[in-house]
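Descriptive structure summary
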Amino acid sequence: MPILPPGINETDFSAALGQFAETVGTNWVFTSDEDVALYRDAYSPFWGSDEEKLASAAVAPESVEEVQQIVRIANRYRIPLYPISTGKNYGYGGSAPVHSGSVVVDLKRMNRVLEIDERNATCLVEPGVSYFDLYNAIQEKGAKLWIDCPDPGWGSPIGNALDHGLGYTIGHFRDHFGSHCGMEVVLPNGEVLRTGPGGVPGSKTWQQYQYAFGPQLDGIFSQSNFGIVTKMGFWLAPEPEAFREDTVAVYNHDDLIPLVDVTSYLTNSSISNGLPGLGSPLLRAIGTSWGGPDSDPEHIALLQTSDRPALERYGREKNIPYWTCNIKTYGPKEVINAQWAHAREKFASSIPEATFTEGEKLEFPLTYEQGEEYQQGRIAGGRVDFGIPNLSIFQIISRTPWNPDPKFGHYYFSPMIPKTGEAIFEASKVFTEAYDQLGLPRPPQGITSLPALYYQRSAMLLMALQVTRNVEVDRKNRSAFKELVKIAAEHGWGEYRTPPAFQDDVMNAYSFGNNSLRRFNETIKDAIDPNGIISPGKSGIWPKNMRKA
Ligand SMILES: Cc1cc2nc3c(=O)[nH]c(=O)nc-3n(C[C@H](O)[C@H](O)[C@H](O)COP(=O)(O)OP(=O)(O)OC[C@H]3O[C@@H](n4cnc5c(N)ncnc54)[C@H](O)[C@@H]3O)c2cc1C
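Residues numbered from 1 in each chain as written. Predicted model: local features only at pLDDT ≥ 70, side-chain atom pairs only at ≥ 80, totals over all residues. Heavy atoms only, no water.

**Some details on the state of the cysteines**
- With the rule as written, the count across this model stands at zero disulfides.
- Looking at Cys 123, it has no disulfide partner, and the nearest cysteine sulfur is the one in Cys 181, 10 Å off.
- Using a relative accessible area of 1% as the deciding quantity, one classes Cys 181 as buried. (Disulfide = S-S within 2.5 Å. Buried < 20%, exposed > 50% of the residue type's maximum accessible area, 1.4 Å probe, protein only.)

What follows is the structure in C-alpha cells.
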C-alpha cells in the first residue's frame, strides 16, 4: 500500500477500500504501487522530492449511484477524494491530487455520450468522454457539428471545462466552461443536484438555456471542491461553410497598439470570429509563423542591443515585420470574404504602412489530406482550428531538430492581462526584469511571451517553466514561480489556472477585501462539506480541519 491519507489509520483506510470494492467491484479499486503510480503527475514540479503530491489509491465508478456511494463511504471514514475526468491535466497537475494521500476518483468508466442534438447544436456527456470520443460520436451520427478542443485531444470536455480550459475555433466556443449548458453534480453529502433548467424534473431545455430560476450555481463547481460532476451539457458549433486566414504585418514597435485595438474591434463586433494569433518575426517570438528561422548574424546582433530604431530599420529593409496578427474567420464564403475586406480597410486606416498576406481559404468538410496539409509546419493551431482532436502538439516538447534537449514537461505561469498593446508592453517589461532578477532563462528577444487571445476581451500570457527532474533546479523554479505570482499581483494581474503546487499562492493574490473571495469559498466549503472530503486544498480552498491559521 503506497501511502495513507493523513490522519487516517490503516484499519479505517482498509475498511473504506473494502467498501469501495463492494460498491464498484474489486477490479476497480487500485491500491498496488504499480497501479497508483499511474496517477502521479508526470509533469510534477516536485518529482523526486518528499513534497510530491501522491494518491493513496484510486477508485473507478461506473454510475452516478456508485459515485454517491463512494462519497458516503468517504464521509464515514473522512477519506479525502480527488475526482478526475480523463486525468490529462498535464502542465496543471495531471491526475495527482492537491492533498497528498487523497483517493483519486477516476471517472474514466463513465464514458457515454448521452445525447447529440443536431437541431439545437448541443450535447450531453459523462466525465470519461474524451474529445476523441465526442468527435467520433458526432462523425458516426453524421451530424454537421463541430466540437471545440484543446491542443491534446485525449482530455475531456468536462475535465477541461471545469479547469477553465480553452480551444481554437469560433468565438465563445473557445471558452469551454462558458459554452457549457447544464451540469449534474454529486454533492459532498451524496445528494445529486442538476443546475439550470435541469432542476425541473424531466426538463426539456436543460442543454438549451443556461440559467435556472434563482442564482446560477454552475460557476461554483468549476476550479472548486464543492462536488463531483457526473454530467455536463455543451453547445456545439454548426459546421461552417468556409474559413479564411489572413495576416496583417506592421513594421514599428508602437504599431502593436493599433494592431491589437483593431483586432479587438473585429472580434468584439464578430467581424472576425476566429482566434487571432499575435507574432513577432523581428523579435523571433515563439509561435510566429513568418518564414523559417533566420540566422543572419546582423539580426542576432541587433537583438542583443536595445537600439530599437536600428532594429526597426533592419526589419523594414529585409521585410521582416515587427508584429504580425493572423486573422481567422469562419462562415459563408461570400460573407467572410466581405468581412476580410472590411477588416483590411480598418487596419489600413489605423496603420497606413500595414501590409497584408492572404493565407489559407478552405471549404468544409475538409478532406483528410487538407487537414494534414494545414497541420504541416504549424506549432499550435492546425487541425484544432477545425475542431479535429489530435495529439500533434506534443511535437513541440519531444526531441526534434529544434528541441534537441527536451525536458520532462512544463508548467505554465499564466496571468490574465488587459487586451491592449500598452498592457503587453508593460507585462513584457515587468516579466523580463523579473526573469532576470529571479535567474530564469529568458528568450533572447527580450519579450517573455506574446499573449494568447483565446478570450474575447482579455489576453493571457503563457510562460512555461520547465520540469527538469533535477530536484534542486525544480525547487528553484518553484520558488521563482511563487515570486512571479506576487509580482503579477502587484500589477493587478491574476492567474487563470495553476498546478496544485501553486494554488494557495494564486488564491493569496486574489486578496481584495481582506481575502473575502477565499473566505466566502471557505464558508461554502464548511457548509456543504463539513468533513472536507472533496479535493481538499483545490484552488486554495481548505476545509476547516485542515486550514492553516
Ligand atoms: C502540450 C500541452 C498542450 C496543452 N494545450 C492545452 C490547450 O490548448 N487548452 C487547454 O485548455 N489545456 C491545454 N493543456 C492542458 C491540459 O492538457 C488540458 O486542459 C486537458 O484537457 C486537461 O485534462 P483533462 O481534460 O483530462 O481534465 P482532468 O485532468 O480530468 O481534470 C482537470 C481538473 O478538473 C477537476 N475535475 C475533473 N473532473 C472533475 C469532475 N468530474 N468533478 C469535479 N472536478 C473535476 C480536477 O481537479 C482535475 O484536476 C495542454 C497541456 C499540454 C501538456
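**Section: the environment of Glu 65**
- Mapped onto the secondary structure, Glu 65 falls in helix α3 (residues 64-77).
- In sequence terms Glu 65 and Gly 190 are 125 residues apart; their C-alpha atoms lie 9.0 Å from each other. (Helix = DSSP H or I, 4+ residues; strand = E, 2+ residues; numbered from the N terminus.)

**A few points about the domain arrangement of the chain**
- According to the domain assignment, the chain consists of domain 1 (1-110 + 512-549), domain 2 (113-238) and domain 3 (242-490).
- Every contact between the two is made by 29 residues of domain 1 and, on the other side, 28 residues of domain 2.
- When the two sides are added together, the surface that domain 1 and domain 2 hide from each other amounts to roughly 2,200 Å², 66% of it contributed by carbon and sulfur.
- Scanning the region where domain 1 abuts domain 2 turns up zero salt bridges.
- The interface formed by domain 1 and domain 2 holds ten residue pairs in polar contact (both at pLDDT 80 or more) in total.
- The set of elements that each furnish at least two residues to the side of domain 1 that touches domain 2 consists of α3 and α14 (512-528).
- No other element matches α3, which puts six residues into the side of domain 1 that touches domain 2.
- Grouping the amino acids of the side of domain 1 that touches domain 2 by side-chain chemistry returns 14 nonpolar, nine polar and six charged. (Domains from an automatic or database assignment. Contact = heavy atoms within 4.5 Å. Buried area = accessible area lost by both parts, 1.4 Å probe. Salt bridge = Lys/Arg side-chain N within 4 Å of Asp/Glu carboxyl O. Polar contact = N/O pair within 3.5 Å; in protein donor to acceptor, adjacent residues only side chain to side chain. Nonpolar A, V, L, I, M, F, W, Y, C, P; charged D, E, K, R; others polar.)

**Some remarks on unusual backbone geometry**
- At the junction of Phe 364 and Pro 365, the peptide bond is cis and its omega measures out at 0 degrees in the coordinates.
- The phi dihedral of Arg 78 falls on the positive side, at around 60 degrees, and the residue is not glycine.
- Among the structural elements, Arg 78 can be located in the loop between α3 and β3 (81-84).
- Of note, the phi angle at Ser 535 is positive, near 35 degrees, even though the residue is not glycine.
- Looking at the element boundaries, Ser 535 is found in the segment after α14.
- Classification of Ser 535 as buried rests on a relative accessible area of 3%.

**Details of the sheet that holds strand β13 (residues 277-279)**
- Sheet architecture is open: four strands sit in the order β13-β14-β12-β15, paired in antiparallel fashion. Either end of the sheet is taken by a strand with one partner, and the two such strands are β13 and β15 (355-363). Averaged over all pairs of adjacent strands, the angle between strand axes in this sheet comes to 15 degrees, irrespective of strand direction.
- In the sheet, strand β12 (residues 242-250) pairs with strand β14 (residues 323-331) via nine bridges, with the strands oriented antiparallel. Of the residues in β14, the one forming a bridge with Arg 244 is Thr 329.
- Running over the sheet, helix α9 (residues 333-350) touches β12, β14 and β15 and is turned about 10 degrees from β12. (Pairing = 2+ DSSP bridges. Axes fitted to C-alpha atoms, helices over the stretch in contact; angles between N-to-C directions.)

**Notes on the pattern of salt bridges**
- Following the criterion strictly, the structure yields 22 salt bridges and no others.
- Between Arg 547 and Glu 522 there is a salt bridge, and its shortest N-O distance comes to 3.7 Å. One end of the pair, Arg 547, is in the segment after α14; the other, Glu 522, is in helix α14, with 25 residues separating them in the sequence.
- Judged by relative accessible area, which is 27%, Arg 547 ranks as partly exposed.
- Relative accessible area serves as the criterion here: at 11%, Glu 522 is assigned to the buried category.
- In this structure, Arg 547 engages Asp 526 in a salt bridge whose closest nitrogen and oxygen atoms are separated by 2.6 Å. Taken together, the residues Arg 547 in the segment after α14 and Asp 526 in helix α14 connect sequence positions 21 residues apart.
- The exposure class assigned to Asp 526 is partly exposed, which follows from its relative accessible area of 22%.
- What you see here is one network of salt bridges that share partners, running through Arg 244, Asp 246, Glu 358 and Lys 361.

**Things to note about empty space enclosed by the protein**
- Scanning the model with the defined rule gives three cavities of 30 Å³ or more in all.
- Taken as a whole, the largest cavity encloses approximately 120 Å³ of empty space.
- As for the largest cavity, its lining consists of 13 residues, and the residues nearest its centre are Asp 148, His 176, Phe 234, Trp 235 and Leu 236.
- The set of elements that each furnish at least two residues to the lining of the largest cavity consists of α4 (131-141) and β10 (228-235).
- Its residues assigned to classes, the lining of the largest cavity shows ten nonpolar, two polar and one charged.
- Size it by volume and the second largest cavity reaches roughly 70 Å³.
- If you go around the second largest cavity, the residues you meet are Asp 41, Ser 44, Pro 45, Phe 46, Lys 53, Gly 93, Ala 96, Pro 97, Pro 499, Pro 500 and Ala 501. (1 Å grid on protein atoms, 1.4 Å probe; cavity = no way out; pocket = protein on both sides within 12 Å on 5 of 7 lines; lining within 4 Å. Points joined across faces, edges and corners; volume = space filled by probe spheres on them.)

**A look at the site of the ligand**
- Near the ligand lie 30 residues; those nearest to it are Ser 85, Thr 86, Lys 88, Arg 497 and Lys 538.
- Here an oxygen atom of the ligand and a side-chain polar atom of Asn 160 are 2.9 Å apart.
- Val 229 has a polar backbone atom sitting 2.9 Å from a nitrogen atom of the ligand.
- Contact with the protein chains hides 95% of the accessible area of the ligand, taken as 960 Å² for the molecule alone.
- Within the shell around the ligand, the residues separate by chemical class into 14 nonpolar, twelve polar and four charged. (Near = heavy atom within 4 Å. Areas by Shrake-Rupley, 256 points an atom, 1.4 Å probe, with all protein chains shown as cover.)

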